[in-house]
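Coordinate analysis (summary)
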Amino acid sequence: MPSQQSEPPDNRLARLRGPKPPQPYTARKITALTANPACARRAVLDAAGVDKALLAQQVGYEPRFGQSPFALAREQAFHGHVKWGSYAELIRLLREQLSVPVAEAHVTDLNEVGGNTALHLRERETRRLIAHVASGQDVRLILDRPLLTLEVAGQTAYLEPDALTHRIGGKFHVVLIRSFAAIDGQANPTAVAETAKQAAVYVLALHRAFETAGLPAEQISHEFLLVCPKDFSNRPYGRLIDLRQELDALQFQLSRLRRAEDLAAQLPETATLDTARSADEISSSIEALDASYTPSCLSFCEMARYCRDEADECASPARLGSGVRNDLPGIDSTRTALDYLDGVAAPGEAEAEAADLLRAAARLRRLRRGAA
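Being a predicted model, the structure only gives us computed values, none of them experimental. (Residues numbered from 1 in each chain as written. Predicted model: local features only at pLDDT ≥ 70, side-chain atom pairs only at ≥ 80, totals over all residues. Heavy atoms only, no water.)

Description of the overall build of the chain
For clarity, the threshold we go by: To qualify as a helix, a DSSP run of H or I must reach at least 4 residues; to qualify as a strand, a run of E must reach at least 2; elements of each kind are numbered from the N terminus. The buried label goes to any residue with under 20% of its type's maximum accessible area, the exposed label to any with over 50%, and the partly exposed label to all in between, with areas taken from a 1.4 Å probe on protein chains only. The contact rule is simple, with two residues in contact once any of their heavy atoms fall within 4.5 Å. Residue-level accessible areas treat just the shown protein chains as cover; the underlying method is Shrake-Rupley with a 1.4 Å probe.
Broken down by element type, the chain carries 14 helices and 10 strands. Counting only C-alpha atoms and orienting by the principal axes, one finds that the chain spans roughly 75 × 55 × 40 Å. Looking at the chain residue by residue over its 372 residues, the buried ones come to 45%. Of the contacts formed within the chain by residues at least 6 apart in sequence, a portion of 62% connects residues at least 24 apart. For the chain, the accessible surface area stands at approximately 18600 Å², while carbon and sulfur atoms represent 49% of it.

A closer look at the side chain of Ser285
Checked against the element boundaries, Ser285 lands in helix α10 (residues 279-287). Setting aside its immediate chain neighbours within four residues, Ser285 contacts Leu267, Ala271, Thr272 and Leu273.

Focus: the sheet that holds strand β5 (residues 163-164)
For the record, the criterion: One requirement defines pairing of two strands: DSSP has to find at least two bridges between them. For helices, the fitted line uses only the C-alpha atoms of the stretch in contact; every axis is such a line through C-alpha atoms, and the angle between N-to-C directions lies from 0 to 180 degrees.
Ordered by their spatial adjacency, 6 strands build an open sheet running β1-β2-β5-β6-β9-β10, and the pairing between neighbours is mixed. Single-partner strands in this sheet number two, and they are β1 (106-109) and β10 (236-242). Sheet topology places β1 next to strand β2 (residues 141-144); 4 bridges connect them, and they run parallel. Considered in β2, the bridge of Val107 is made with Ile142. Against the sheet, helix α6 (residues 119-134) engages β1, β2 and β5, with an angle of about 160° to β2.

What to know about unusual backbone geometry
Phi at Ser86 takes a positive value of approximately 55°, unusual for a residue other than glycine. Inspection of the secondary structure puts Ser86 in helix α5 (residues 69-98). Positive phi, close to 55°, is recorded for Ala315, a residue that is not glycine. Of note, Ala315 is situated in the loop between α11 (304-313) and α12 (322-327).

A look at α10
Worth spelling out the cut-off: By construction, the arc corresponds to the directions joining the helix axis to the C-beta atoms.
Taken together, the buried positions of α10 are occupied by Ile282, Ser283, Ser285 and Ile286. Across the axial projection of α10, the buried residues extend over an arc of 165°, all falling on one side. Each element contacted by the buried residues of α10 is listed here: α3 (40-48), α4 (52-58) and α11.

What to know about the side chain of Ser179
Looking at the element boundaries, Ser179 is found in the loop between β6 (174-177) and β7 (182-183). Every residue in contact with Ser179, bar those within four places of it in the chain, is listed here: Arg74, Glu75, Phe78 and Pro229.

Here's the deal with the domain arrangement of the chain
Put simply, the rule reads: The source of the domain bounds is an automatic or database domain assignment.
Along its sequence, the chain is organised into domain 1 (69-251) and domain 2 (315-371). In this structure, domain 1 and domain 2 have C-alpha centres spaced 49 Å apart.

What to know about the pairing of β10
Here 7 bridges tie strand β9 (residues 223-229) to β10, and the two strands are oriented antiparallel to one another. Residue pairing for β10: Glu223 is matched across the bridge by Asp242. Where β9 hands over to β10, the hairpin turn is made up of 6 residues, of which Asp231 adopts a positive phi near 50°.

Take a look at the structure:
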């Protein structure tokens with residue numbers, strides 16, 4: 001489960017959200033945000049902690065996301081199985097995958113610190129224990145639900161990997177537990193790829209914790225341990241997955257994100273994203289935030305269908321995909337592009353090259369039709 005943001009975002013962002021408690025950043029949200037870093041709309045909604053699914057409903061769009069109650073129950077049961085007996089199954093997998101030379105390890109539960117669940121306390125205790133293990137004082141300590149932080153679009157995100165292993169071969173490994181099955185050692189590639197992106201978020205946050213504590217980052221493994229059910233049983237199966245490619249991509253995309261506070265400051269004072277307000281009020285505020293719609297948004301953003309209809313209305317080239325958008329620099333409407341082709345309008349200097357390419361493509365199309 002994701003953590004909560006202990007501190008409200010910037011006052012402007014909090015006012016935009018309204019009285020509802022903020023939705024926390026999660027690794028899943030961060031990977032979605034970095035998949036489309038040009039989207040100011042998503043950046044502000046996530047930074048303000050707005051419930052995007054509820055927001056979409058309020059403006060007339062039913063989001064098509066979320067796990068079924070059966071899937072959630074299965075995932076919780078599998079988590080419980082892996083953690084049973086002080087992570088007995090995880091320790092078995094560590095012996096198999098990393099040749100850990102001991103049969104025993106102990107676990108510290110960081111879901112709370114002395115009965116207190118405050119995020120800043122859990123984060124501070126996590127850093128203390130990481131430093132403790134990194135120094136070699138307690139090399140057999142597994143951290144259950146450590147709390148890490150990462151700066152995202154100028155906001156602090158609190159993140160919880162499922163577990164952090166003790167130091168093995170001088171390195172810490174992030175552990176993620178998922179309920180999709182590995183059949184004959186092969187899991188769904190799409191699910192594994194998505195999990196790897198989320199693991200990269202946690203590993204990057206772990207780097208930040210090491211950097212803050214002045215610890216050598218060489219102690220962080222670039223591989224994470226994926227734990228999922230084996231075949232059609234509930235028996236845990238473990239596999240190490242290399243994250244170097246995902247880490248490079250994530251760092252680059254995070255560096256491209258604009259500060260959410262700066263984006264929110266450009267909105268009118270009367271703007272609101274409070275889901276208790278009328279659909280008209282919310283819609284006018286959403287429209288004031290620039291969206292960067294691409295068809296891939298449909299697979300990860302609750303607001304994607306709203307943005308798709310908006311792109312349709314203004315004939316945005318992005319509606320046809322990022323390839324078309326990138327091939328039409330300076331042309332913000334497919335209607336305008338057709339006008340250039342038909343000679344109804346003349347392109348300016350900035351659009352001349354794109355218009356020439358369009359004419360060339362149209363000639364090729366006519367030639368192919370003639371050849372056919």
